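Letter by letter, the chains look like this.
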Amino acid sequence: ITVVDSVDLGAFTSRLTLERTFNGEPWETIAEVPGGTGPVVVFEDFDVQTSERSYTYRVAAEDSCGARTTISNVGNTMLLNVSADLDGYNHLYWNGYSEWAGNVAGYTVYRSIVDGPFEPVGTTMPSIWEFPDNVESLFETPGKFCYYVVANEAGNPTGIDAVSTSNIACAV
């Protein structure tokens, strides 16, 4: 999982710490970087099970004495599940994204057929976290459909709208 955060370069920060929690467990430190490295900081979390659970992250800033000066908003990952039903539809369900500085503008659903390229197949409104994909007309394919969902931000006060991408989930 890649976590990207913007940093106030006018504030003196000696260290930035990425923290993660799952299902209300205590926050744990995942990574640390020195402060003042640029307007954007990127963290990677490799010890994850993205097809099984959603994680929540935040970034803590510390001053030169090691005291926390601020904690960012929290952001959660989206966990996508898909089921192939006999009605000719694959039904997709995910948890919605939350806690951007702006708002979730909506979700874009991407589909791959038999390990082909992912292409957008639909969108949903911000409060809709499910998508029925009609695959009935694709009966001549081997039937492997994989999906991911992208949450799109709008109205971020910095003028830089973010995206968040779910795990890939397949229906066979």
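Cut-offs applied
Residues numbered from 1 in each chain as written. Predicted model: local features only at pLDDT ≥ 70, side-chain atom pairs only at ≥ 80, totals over all residues. Heavy atoms only, no water. Buried < 20%, exposed > 50% of the residue type's maximum accessible area, 1.4 Å probe, protein only. Helix = DSSP H or I, 4+ residues; strand = E, 2+ residues; numbered from the N terminus. Phe/Tyr/Trp six-rings, centres within 6.5 Å; stacked < 30°, edge-to-face > 60°. Lys NZ or Arg CZ within 6 Å of the ring centre and 35° of its normal. Core = buried A, V, L, I, M, F, W, Y, C linked by side-chain atoms within 4.5 Å. Contact = heavy atoms within 4.5 Å. Polar contact = N/O pair within 3.5 Å; in protein donor to acceptor, adjacent residues only side chain to side chain. Salt bridge = Lys/Arg side-chain N within 4 Å of Asp/Glu carboxyl O. Pairing = 2+ DSSP bridges. Axes fitted to C-alpha atoms, helices over the stretch in contact; angles between N-to-C directions.

(A) Unusual backbone geometry, seen in detail. The backbone phi angle of Val-114 is positive, close to 50 degrees, even though this residue is not glycine. For Val-114, a relative accessible area of 36% translates into the label partly exposed. A positive phi angle is found at Asp-115, which is not glycine, with a value near 65 degrees. Mapped onto the elements of the fold, Asp-115 is located in the loop between β10 (103–113) and β11 (119–124).

(B) View of the packing of aromatic side chains. All chains considered together, the criterion is met by 6 aromatic pairs. Plain terms: the ring middles of Tyr-110 and Tyr-148 are 4.8 Å apart, the flat faces sit at 10 degrees to each other, and that makes the pair stacked. Of this pair, Tyr-110 sits in strand β10 while Tyr-148 sits in strand β13 (residues 145–154), and the two are 38 residues apart along the sequence. Among the aromatic residues, ring-to-ring pairing joins Phe-22, Tyr-55 and Tyr-57 into one connected group. Cation over ring: Arg-53 sits above Phe-22, and NZ or CZ is 4.1 Å from the ring centre. The ring of Trp-27 is capped by Arg-58, whose NZ or CZ atom sits 4.1 Å from the centre of that ring.

(C) Spotlight on the nonpolar core. Grouped together as the largest cluster of nonpolar side chains are 18 residues, with contacts concentrated most on Leu-92, Trp-94, Tyr-107 and Tyr-147. If you list the elements that add at least two residues to this core, you get β8 (80–84), β9 (89–94), β10, β13 and β15 (169–171). With 4 residues, the single largest contributor to this core is β13. The residues touching Trp-94, leaving out its near neighbours within four places in the chain, are Met-78, Leu-79, Leu-80, Tyr-107, Val-109, Thr-124, Ile-128, Trp-129, Glu-130, Phe-131 and Val-149. One finds Val-3, Phe-43, Tyr-57 and Ala-61 within the second-largest nonpolar core, a separate group that totals 9 residues.

(D) Structural detail: the side chain of Asn-76. Looking at where Asn-76 falls in the secondary structure, it is placed in strand β7 (residues 75–76). In this structure Asn-76 comes out as buried when scored by relative accessible area, which is 11%. One polar contact links the side chain of Asn-76 to the main-chain carbonyl oxygen of Gly-96, over a distance of 3.2 Å. Only 3.0 Å separates the side chain of Asn-76 from the side chain of Ser-98, close enough to count as a polar contact.

(E) Fine view of the pattern of salt bridges. Tallied over the entire structure, the rule returns 8 salt bridges. A salt bridge links Arg-15 to Glu-62, with the shortest nitrogen-to-oxygen separation between them at 2.6 Å. Of this pair, Arg-15 sits in strand β2 (residues 15–21) while Glu-62 sits in strand β5 (residues 56–62); the two residues are 47 residues apart in sequence, bridging distant segments of the chain. On the accessibility criterion, Arg-15 (32% relative accessible area) is partly exposed.

(F) How the structure looks around the sheet that holds strand β12 (residues 130–134). Reading across from one edge, β8-β9-β12 is the order of the 3 strands in this open sheet, with antiparallel pairing throughout. Every other strand in the sheet has two partners, leaving β8 and β12 as the edge strands with one partner each. Strand-to-strand twist of the sheet, defined as the mean angle between neighbouring strand axes without regard to direction, takes the value 20 degrees. Here 5 bridges tie β8 to β9, and the two strands are oriented antiparallel to one another. Its bridge partner lying in β9, Ala-84 is registered against Asn-90.

In short, the description is geometric, and any link to function would need to be established separately.
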